[in-house]
Amino acid sequence: MECWIDPFSMAPQKALENIGKNLRDQYERWQPKARCKVELDPTVDEVKKLCNTCRRYAKSERVLFHYNGHGVPKPTANGEIWLFNKSYTQYIPLPISDLDSWLSTPSIYVFDCSAAGMIVNAFIELLDSGTSNNPGSARDCILLAACEAHETLPQSAEFPADVFTSCLTTPIKMALRWFCTRSLLHESLNCSLIDKIPGRQNDRKTLLGELNWIFTAVTDTIAWNVLPQDLFRRLFRQDLLVASLFRNFLLAERIMRSANCSPVSYPMLPPTHQHHMWDAWDMAAEICLSQLPALVEEPTAEFQPSPFFTEQLTAFEVWLDHGSEHKKPPEQLPIVLQVLLSQCHRFRALVLLGRFLDMGPWAVDLALSVGIFPYVLKLLQTTTPELRQILVFIWTKILALDKSCQVDLVKDGGHVYFIRFLNSVEAYPEQRAMAAFVLAVIVDGHRRGQEACIEAGLIHVCLKLLHSSMQNDAQTEPLFLQWLCLCLGKLWEDFTEAQLIGLQADAPSICAPLLSEPQPEVRASAVFALATLLDVGFDSFRDGVGGDEECDDDEKSRAEIVVIIKSFLNVVSDGSPLVRAEVAVALARFAFGHKQHFKSIAAAYWKPQSNSLLNSLPLLANINGSGNIISSQIGPLTRVGSDNSAVVRDGRVSTSSPLATAGVMHGSPLSDDSSQHSDSGILNDGISNGVIRHSRSKPLDNAMYSQCVLAMCTLAKDPSPRIATLGRRVLSIIGIEQVTKSVKTAGSSARLGEPTTSSPTPSFAGLARSSSWFDMNGGHLPLTFRTPPVSPPRQNFLTGMRRVCSLEFRPHLMNSTDSGLADPLLGSSSGVSERSLLPQSTIYNFSCGHFSKPLLTASDDSEELLARREDRERFALERIAKCQHSSVSKLNNNSQIASWDTRFETGTRTALLQPFSPIVIAADENERIRVWNYKEATLLNGFDNHDFPEKGISKLCLLNELDESLLLVASCHGNIRIWKDYTVRGKQKLVTAFSSIQGHKPGVRSLSAVVDWQQQSGYLYASGEISSIMLWDLDKEQLVNSIPSSSDCSVSALASSQVHAGQFAAGFVDGSVRLYDIRTPEMLVCATRPHTQQVERVVGISFQPGLDQGKIVSASQAGDIQFLDIRNQRGTYLTIDAHRGSLTALAVHRHAPIIASGSAKQLIKVFSLEGEQLGIIRNQHTFMAQKIGSVSCLAFHPYQVLLAAGAADACVSIYADDNSQTR
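Residues numbered from 1 in each chain as written. Predicted model: local features only at pLDDT ≥ 70, side-chain atom pairs only at ≥ 80, totals over all residues. Heavy atoms only, no water.

## A few points about helix H9 (residues 240-257)
Compared with an ideal rise of 1.5 Å per residue, which puts 18 residues at 26 Å, H9 spans 26 Å between its outermost C-alpha atoms and is within 8% of the ideal. A large share of H9 lies buried, amounting to 16 of its 18 residues. Between the side-chain oxygen of the N-cap and the backbone nitrogen of Leu241 there are 2.9 Å, and the N-cap of H9 in question is Asp239. (Helix = DSSP H or I, 4+ residues; strand = E, 2+ residues; numbered from the N terminus. Expected span 1.5 Å × (residues − 1). Buried < 20%, exposed > 50% of the residue type's maximum accessible area, 1.4 Å probe, protein only. Polar contact = N/O pair within 3.5 Å; in protein donor to acceptor, adjacent residues only side chain to side chain.)

Spelled out as structure tokens, the structure:
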């Protein structure tokens, strides 16, 4: 048999023609559009002419050359095949090199003859020797040969003579015939029935179509599991003809090896004939063949589909339940792809595929390598409603890994599908957020995508959704708001027409309210959307402004720009570094576009003799008699003409930030370690508008510019090092450079510090210019992102929530000789190169990280965390019970269990005992923090809270003490920094930093900030030399309230209740005490003045242990300790005169009935709540018995009777009562 024709059943010439015609038909069935030409018994010239004609016609397409050499000798050792002379009297050899030169590349050769491997060997030699006429042929020539060089074709009657050709061109027929002779069915089934299988190969609902479909799935799967990825992609995914020939070649290998013949290919494939998926094919074939007799007899009978695909999907599902990145990949992946073609299995296949892609970027990579892309792209044309959600999810996963798909999506109009989904009300907000993400990726840096989405009305859809969510009282999914903003930002980024559309559609006034949303990510994304709405120099909008009719638009745009800038000024002192970084980038864009106006404002008030910007700043605020940007509490920007002295305080700039926004630790991507998505230090190289002519920009109100300058200065002095760097970059754009003094402190290494307090003109300490922008962004390490839970647990703030990527703080000590100079990079004159130096936003890349993490499953470590937390809770409860019920015995000098010389030059300022490990943390005036294990007497870690110390540390607090606790460090200036991993040497990371005090009183030089943290509510209370108490929600990283202190004096002590959330007490400089409860409308519960003998400041205040709401202990500098029950208005019910006129510290135990006070006269006294003195500790244990300093701080252990005492001599001692020691 040749091409299923018996050549002896007809005349030789007719048989030859019929065989040729059949072969052509068999190829055309695979490639209907291909053009086939048959040459029967040709001469060398005919073959040459045929090859040249085909190549000319095919141009750069692939040409297939099929050689059937059954009637001529075997190929020669040199790889020559045999043809005829014109008169058919002799054989003429044709070298493979000639053939290669005529056909050139890309080409595919099929050699069906004995010893065909000779030709392949010769071809490989030809390539190796480099004499191939076409240098590209090595790259794209494919050879398929029927057997190896030493083999002859099978002679058995069981096979057709051209078994290799039959496998390649009629695989189903060949596979079934071969299987039939080996199956149990061979007795009951007549092989001739195989030719009568009903249906069409491309109709999967028929028997023949289903068999073909299963065969494709099986061979694809074998190839994907056995071949290297790049070879699989080249042979099975780039060209339909090559793919089908290679699938059929796998069958040829299986069948011919059973006849001891090994087909050969170039490129070579690993053996596949024994792969276990062939068993699945045999089973499917048997099930189909068993139905065949009934179907042939009764053509109307219904055919039962094979369970093959259902079973394979189940196998894939089992893998999903137990598999992982570190196990063998699921071999059913190519089958899942095939199943997407069928409507009945499609939904299940997509859901399983979604689960697989969610396992991580490695899974998306595998799916793309198998060829998922064209399938899911085509599915975007379906309108089936139930597929929409899972398709959006799958595209989210693909685009989170591979942004380059954006081009094909736009080309196929896929963006319309996602816009429709985004606009559909019935979808969940999380899923619509995914659609917004997909659209943001489509337009990210892709002009064609931006244009297509604008044509489809995406700007108006997003603005409408944002507007309706702000009107709606119900809380909108934050992720949805975040991605609507990011999508808008990317849509009009560097695209003037889109920016104009946005400005005309009131985008600024729609986005501005989002700056007071509780989630830092939403606020940062809103800043990003508003910032990209400003063209870099928004004036280049009006390049072509002609007549007066444009004038209204112009005014409208200017008004909108003012709205945008005002909204930025409102969040300059937001509690989240994520938000402030975006504000800095936004102000840089604005300053770049309005550089001339900014420079003239700065220059007009610049004093050449002064090194300090701050000397001239108060004048800046005076422009036009308006413009002081200090605002009262929360509210719109107020402009006050007179009170300018408030602007600058001790080298700090206080800004307006009518913080409707700000506050816990999700960390932020502004770390010195940067993730694959975080690009804080990467310079943008795409320049959209070329050189911008600044002269065209029309100035806004001068007061607006001066407010912006003040905002930039605030950013340049930010507590977060990364943002301070950004702030300095912004100032350098408008021509303001800083000069830093290097202060050497005696006995310590050179430190960059604050100027001495006596300095009449405080310099802008610590704002050195690094010699290059790249230095400032030094050291990027990869970091991981954690996915935000849908609703974070209430009790635990910060850990593992939203963004635990740290603001790792690597101090840059910039004392280099050129540190006072501007960036050399910034001196360049051309607008283009300057434009590329603008700091780049990070929120978009940071937010993308969310979608590359698993979204369908919770992280594994949560159980471990819960178990640890339960252990600690149990331990704490046992200790609390002991504290409450044991009578506290004496605490005196003999009670000391440890003493530690902290080596602080200025003495210990504040100390803290860790609840679950024998660790004490101490800090000094220079903001150095040291961590010590008092059981083992070892120093665990020591680090500087800040490069440029302020006025010492006023408070240390632990956040989330039941989990991986974070260390909150409050400086006397009100700057809060929160550290993680602080007990490991050198590993401490800054999680977040913000300034907790805003709106200082005029003329105050030091803020003397006092703060306290309340774990139950997640609130941080902060006050000082200001007229209000700031209430920060650290979960939202936001200032949620500013409570008027209703006193002319400033707050000198703060204590929050550890039992009643929202309740706190404040002690004032005049000796008065007030109790507040933020749950009540008027906030202030009551006020009293317990310290009446002498009017001195309240040094310490605390709630008494127990559940009583209003029982407070207050100690004044005069030395008296007052016990108050504030709800009982008769004032104090107990007074202890502890120390005469020298009380310096007070500590009240959280659970045990014990308090301690310290004095400047080196005494610590311990009392019970009834006023009984339980002990006295005299600090006289130093070796030389020299005079030592006063007691500076006292702190009890939360769950044990342990007292840590720090003194001005840098010594920290720890005392335990007798009971604790015996325990």
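That was the structure; now back to the text.
## Topic: a positive patch on the surface
There is a patch of like positive charges on the surface, built from Arg24, Arg35, Lys37 and Lys49. Overall, Arg35 belongs to the exposed group, its relative accessible area being 61%. (Patch = residues over 30% accessible without salt bridge, like charges linked within 9 Å, V, L, I, M, F, W, Y side chains within 5 Å. Areas by Shrake-Rupley, 256 points an atom, 1.4 Å probe, with all protein chains shown as cover. Salt bridge = Lys/Arg side-chain N within 4 Å of Asp/Glu carboxyl O. Lys, Arg positive; Asp, Glu negative; His and termini not counted. Charge placed at Lys NZ, Arg CZ, Asp CG, Glu CD.)

## With respect to the nonpolar core
Ranked by internal contacts, the top residues of the largest apolar core, which has 215 residues, are Trp281, Trp395 and Leu422. Formed by 30 residues, the second largest nonpolar core is a distinct cluster that contains Val72, Ile81, Trp82 and Ile119. (Core = buried A, V, L, I, M, F, W, Y, C linked by side-chain atoms within 4.5 Å.)

## Regarding the confidence of the model for the protein
Here the protein averages 79 in pLDDT, and 79% of its residues register 70 or above. Under a pLDDT of 50 for its full length, residues 537-551 has, in the predicted model, 22 contacts with residues more than four places off or in other chains. Segment residues 607-696 is flagged for pLDDT under 50; beyond a separation of four residues in sequence, or across chains, it makes 306 contacts in the model. (pLDDT = per-residue confidence, 0-100. Contact = heavy atoms within 4.5 Å.)

## Examining the pattern of salt bridges
Applying the stated criterion across every chain, the model contains 37 salt bridges. A salt bridge links Asp1077 to Arg1079, with the shortest nitrogen-to-oxygen separation between them at 2.8 Å. The buried category is assigned to Asp1077, whose relative accessible area is 6%. Residues joined by salt bridges that share partners form a network here, namely Arg62, Asp140, Arg234 and Asp239.

## Examining helix H11 (residues 308-322)
For H11, which comprises 15 residues, the first-to-last C-alpha distance of 22 Å matches the rise-based estimate of 21 Å (1.5 Å per residue) to within 8%. For H11, the set of buried residues is Phe308, Phe309, Gln312, Leu313, Phe316, Trp319 and Leu320. With its buried residues spanning 125 degrees around the axis, H11 presents them on a single face. Residues of H11 that are exposed and point more than 90 degrees away from the buried face comprise Asp321 and His322. (Arc of directions from axis to C-beta.)

## Topic: the sheet that holds strand S23 (residues 1038-1044)
Backbone hydrogen bonds are what pair the strands of a sheet, in a parallel or an antiparallel way. Pairing is antiparallel in the open sheet, where four strands are placed in the order S20-S21-S22-S23. A strand with exactly one partner marks an edge of an open sheet, and here the two such strands are strand S20 (1010-1014) and S23. Going across the sheet, the axis of each strand differs from the next one's by a mean of 20 degrees, ignoring polarity. Sheet topology places strand S21 (residues 1019-1023) next to strand S22 (residues 1028-1033); four bridges connect them, and they run antiparallel. Of the residues in S22, the one forming a bridge with Tyr1021 is Leu1031. (Pairing = 2+ DSSP bridges. Axes fitted to C-alpha atoms, helices over the stretch in contact; angles between N-to-C directions.)

## Structural notes on the side chain of Ser965
Relative to the assigned elements, Ser965 resides in the loop between strand S16 (953-959) and strand S17 (966-971). On the basis of relative accessible area, Ser965 is assigned to the buried category, the value being 15%. A polar contact of 2.9 Å, which involves the side chain of Ser965, links it to the side chain of Tyr982. Those residues in contact with Ser965, other than ones at most four positions away along the chain, are Gln914, Leu958, Leu959, Asn960 and Tyr982.

## Quick notes on the pairing of S21
Most of S21 is tucked away: five of the five residues are buried. Of the two faces of S21, the one lined by Tyr1019, Tyr1021 and Ser1023 and the one lined by Leu1020 and Ala1022 are each fully buried. Bridge count between S20 and S21: five bridges; the pairing is antiparallel. When the sheet's bridge partners are listed, Trp1013 is paired in S21 with Leu1020. Following S20, the chain reverses through four residues before pairing antiparallel with S21; Gly1018 in that reversal takes a positive phi of roughly 75 degrees. Between the end of S21 and the start of S22, which pair antiparallel, lie four residues.

## Brief notes about the environment of Glu125
With respect to the helices, strands and loops of the structure, Glu125 is situated in helix H4 (residues 117-129). Of the residues examined, Glu125 reaches a relative accessible area of 57% and is grouped as exposed. In this structure the C-alpha to C-alpha distance between Glu125 and Gly79, which are 46 residues apart in sequence, comes to 9.8 Å.

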